[in-house]
Amino acid sequence: MDWDFDGEIISWRGPAPFLFVDIDPDLSEDIKSAAKGLEYWGQVAVEATIGRTRFTTALFPKDGRYLLPVKVAVQRAEGVGEGDVVAVWLALRYER
């Protein structure tokens, strides 16, 4: 299952890299339903694309929604940072 959406890059002093795409609660609920049985410690393994950069990571749950970590390599490759709105393609990873 995969999704296309736009999201704002926010800063959160959670686990590194500290910048995340904020996924709205409705979409987060769809992802949570689709990821039943794939979660570990509340996280969901995904593959994502921002711009031309594809990467793997895990969504973090926060306040009833998910946050998509934006790795430093992605930030640099795409020239994005806090406050930018980015187009994201996201797919569940069925193997880790």
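Above this text you will find the structure in question.
Please read all numbers here as calculations on a predicted model, not as lab measurements.

A. Region of the structure containing the overall build of the protein chain. Helices and strands together make up the secondary structure of the protein chain, namely two helices and six strands. Starting at the N terminus, the α and β elements of the protein chain follow one another as β-β-α-β-β-β-α-β. Its C-alpha atoms put the protein chain at 35 × 25 × 20 Å along the principal axes. Counting only contacts in the protein chain whose residues sit at least 6 apart along the sequence, the fraction spanning at least 24 positions is 63%.

B. Broad picture of the pattern of salt bridges. Overall, the coordinates contain three salt bridges when judged by the stated rule. The closest approach of N and O atoms between Glu47 and Arg54, which form a salt bridge, is 3.3 Å.

C. Geometry of the packing of aromatic side chains. For the structure on display, the rule yields two aromatic pairs. Look at Phe20 and Phe60: their rings are 5.9 Å apart centre to centre, the planes differ by 85°, and that puts the pair in the edge-to-face class. In this pair, Phe20 sits in strand S2 (residues 19-22) while Phe60 sits in strand S4 (residues 53-62), placing the two residues 40 residues apart along the sequence. The two residues Phe20 and Phe60 agree in class, both being buried. Aromatic rings pair up to connect Trp12, Phe20 and Phe60 into one cluster.

D. Region of interest: helix H1 (residues 25-34). Taken together, the buried positions of H1 are Leu27, Ser28 and Ile31. Down the axis of H1, the smallest arc covering the buried residues is 105°, so these residues share one side. Elements in contact with the buried residues of H1: strand S1 (2-11), S4, strand S5 (65-69) and strand S6 (85-92).

E. Looking closely at the nonpolar core. Among the nonpolar cores identified, the biggest contains 25 residues, and Val21, Ile23, Ile31, Leu59, Leu68 and Leu90 are the most heavily contacted of them. Secondary structure elements with two or more residues in this core: S1, S2, H1, strand S3 (44-50), S4, S5 and S6. Excluding residues that lie within four positions of it along the chain, Ile31 makes contacts with Trp3, Ile23, Leu59, Tyr66, Leu90 and Leu92.

What counts, and where the lines are drawn
- Residues numbered from 1 in each chain as written.
- Predicted model: local features only at pLDDT ≥ 70, side-chain atom pairs only at ≥ 80, totals over all residues.
- Heavy atoms only, no water.
- Helix = DSSP H or I, 4+ residues; strand = E, 2+ residues; numbered from the N terminus.
- Contact = heavy atoms within 4.5 Å.
- Salt bridge = Lys/Arg side-chain N within 4 Å of Asp/Glu carboxyl O.
- Phe/Tyr/Trp six-rings, centres within 6.5 Å; stacked < 30°, edge-to-face > 60°.
- Buried < 20%, exposed > 50% of the residue type's maximum accessible area, 1.4 Å probe, protein only.
- Arc of directions from axis to C-beta.
- Core = buried A, V, L, I, M, F, W, Y, C linked by side-chain atoms within 4.5 Å.

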